[in-house]
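Descriptive structure summary
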Amino acid sequence: MTEIDPQHPAPSPGAARHPFARDLDRTSANYVPLTPVSLLARAASAAGGRIAVIDGDRHLSYADLYARCRRLASGLAAHGIGTLDTVAILAPNVPEMIEAHFAVPMLGAVLNPLNTRLDPATIAFSLAHGGARALIVESEYAPLAARALAELERPLLVVAIGEADVADAISYENLLASGDPDHAWTGPTDEWQSLCLLYTSGTTGDPKGAVYSHRGAYLQALGNAVTFGLTAESVYLWTLPMFHCSGWSYPWASVAACATQICLRKVEPAAIFRLIAEHGVTHLCGAPIVLSMIAHAPESDRVAFPQRVRCAVGGAAPSSTIIRTMEELGFQVLHLYGATESYGPATVCLAQPDWTELSDADRYARMARQGVPLATLEATGVVDPETDRPVPQDGATVGEIRLRGNTVMKGYLGNPDATARALAGGWYRTGDLAVWHPDGSVEIKDRAKDIIISGGENISSLEVEEVLMRHPAIMLAAVVARPDPTWGESPCAFLEVKPGAEPPTDHDVIAFCRERMARFKVPKTVVFGPLPKTSTGKIQKFVLRDRARGL
Ligand code: ADP
């Protein structure tokens, strides 16, 4: 007997004769597999003269960008790159990075943006694991690429941007010159086809290769554009590394909106302020570390600008101190939550009209919460990992955040076990712990691995960090578990002091915490010094946990 799928029951006899089931076929007139590449074709025809990308003195119109992408696709095709071939790229936020995000998928090939801050062995591992057939490399990373390539057993087609000095490389500009600006591309026949391969940044250990589809990237582009309010008037500044979750899908989102993208190689506050003023930047994204750099920029780096700049922050909740300073400087902060596995942002904190009546402190606390799925994500929830049932919306019971929808990755490349674990039960299991509030908002407490359990009580490291960051001399705080003979674990705080500030003593810090939190949450150990960060600016808590164990 055939099993009946309750979601798709078998048609009842006679249904085929139903008027809605007849002569209403899916044809190429009414059904086209979704792909982000078509967003560029549309932008070039609708807004060909508009500036798509600015990099220093270089200005590319949408017509230029489309022609360059078609040239690149055609040039790579002439070297035998085609459907499902992996093309890796090692580059800072330069126009070529944006071009690759369209040209490689145009061929049905898979783009693998590589983390530029990794060591040669890990780059070589990614090239081998991802099965790269070509590597596009920008001059700044030529030495890194050369060392990684030396560890690979097979040759790759190497395409060098600028003066990149890599043996046997062909020049990116020569490849474009040889390519056809009218290259005919067709798009995938199946929108589920793989489009990008993104290795997670490894905050909790082994990098895994999340695979995106054309459909997912298209929807995420639109979801981002709507959520962040991108329009053809928007000017988007690249303060987020484009290699990180494909820049949270913003290369596609910006093009969907026909916005202008401003390239930036290095996140330096002086350059950020200068570009904001010079180009009338309206939007930027970044991890809290980027906001922190902007917020703590010395007076000499700051330039006044008349517009209000929308600034999306994700990767960790922004502290109240950062939100306050950013607002004072002319930024409007939007808090996002997501992961490489969800094409970047999956949920957002949507400001409610009555928040204007809240005190600043209450408003910042609300802004640090999450819970509203992007329009293109199907659902989110906080679930008891043992029972798989939603936790009560009581603001106290801790559960795991789960995500479901078309903007969740296809899975991890070549890792069926990790894929099955991550997507078990029809949800993406984020491994992030949170409580659900009665108003439906979600307050992230920790990663499952980061929560501190002291005397049987759960301590959210994020909560303790939020208080520490309010200390006037503290720039960055990370709190991890340290083994404790009495309590099992106790909180251990690692602190970076603001440049030029008088460093507090550990007694000062502990006294500051005692006044502001329950006794059991107060760090028992305080360590000053620079914090180890991942290439995307996230604090590597596993390194700190090791350090805390050795104290
Ligand atoms: P990695 O997992 O290697 O750090 P990701 O960039 O995919 O790489 O990180 C996603 C993780 O970042 C999430 O699972 C979550 O732990 C954390 N994160 C993202 N956004 C937020 C946020 N708004 N608040 C707290 N944590 C966040």
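Residues numbered from 1 in each chain as written. Predicted model: local features only at pLDDT ≥ 70, side-chain atom pairs only at ≥ 80, totals over all residues. Heavy atoms only, no water.

**Details of the sheet that holds strand E20 (residues 428-436)**
Taken in spatial order, the 4 strands make up an open sheet running E17-E18-E20-E21, and their pairing is antiparallel. Edge positions in the sheet fall to strand E17 (379-383) and strand E21 (442-447), since each of these pairs with one other strand and no more. The average angle at which neighbouring strand axes cross in this sheet is 40 degrees, direction not considered. Two elements, E20 and E21, share 5 bridges in a ladder whose sense is antiparallel. Within the sheet, the bridge partner assigned to Leu433 lies in E21 and is Asp446. (Pairing = 2+ DSSP bridges. Helix = DSSP H or I, 4+ residues; strand = E, 2+ residues; numbered from the N terminus. Axes fitted to C-alpha atoms, helices over the stretch in contact; angles between N-to-C directions.)

**Details of the domain arrangement of the protein chain**
When the parts come together, some accessible area is lost, and that loss is often what is quoted as the size of the interface. Domain annotation for the protein chain reports domain 1 (64-213), domain 2 (291-444) and domain 3 (451-549). Computed from C-alpha coordinates alone, the two centres of domain 1 and domain 3 are separated by 40 Å. (Domains from an automatic or database assignment.)

**As for the pattern of salt bridges**
Where charged atoms of side chains with opposite charge meet at close range, the side chains can pair. Counted according to the given criterion, the structure contains 26 salt bridges. The shortest N-O distance in the salt bridge between Glu327 and Arg363 comes to 2.9 Å. Taken together, the residues span a long stretch of sequence, with Glu327 in helix H12 (residues 320-329) and Arg363 in helix H13 (residues 360-367) at a distance of 36 residues. The same class applies to Glu327 as to Arg363, namely buried. Across the salt bridge formed by Glu443 and Lys445, the nearest N and O atoms sit 3.4 Å from each other. What makes Glu443 partly exposed here is its relative accessible area of 22%. Salt bridges linked by common partners bring Glu138, Glu140, Arg265 and Lys266 together as one network. (Salt bridge = Lys/Arg side-chain N within 4 Å of Asp/Glu carboxyl O. Buried < 20%, exposed > 50% of the residue type's maximum accessible area, 1.4 Å probe, protein only.)

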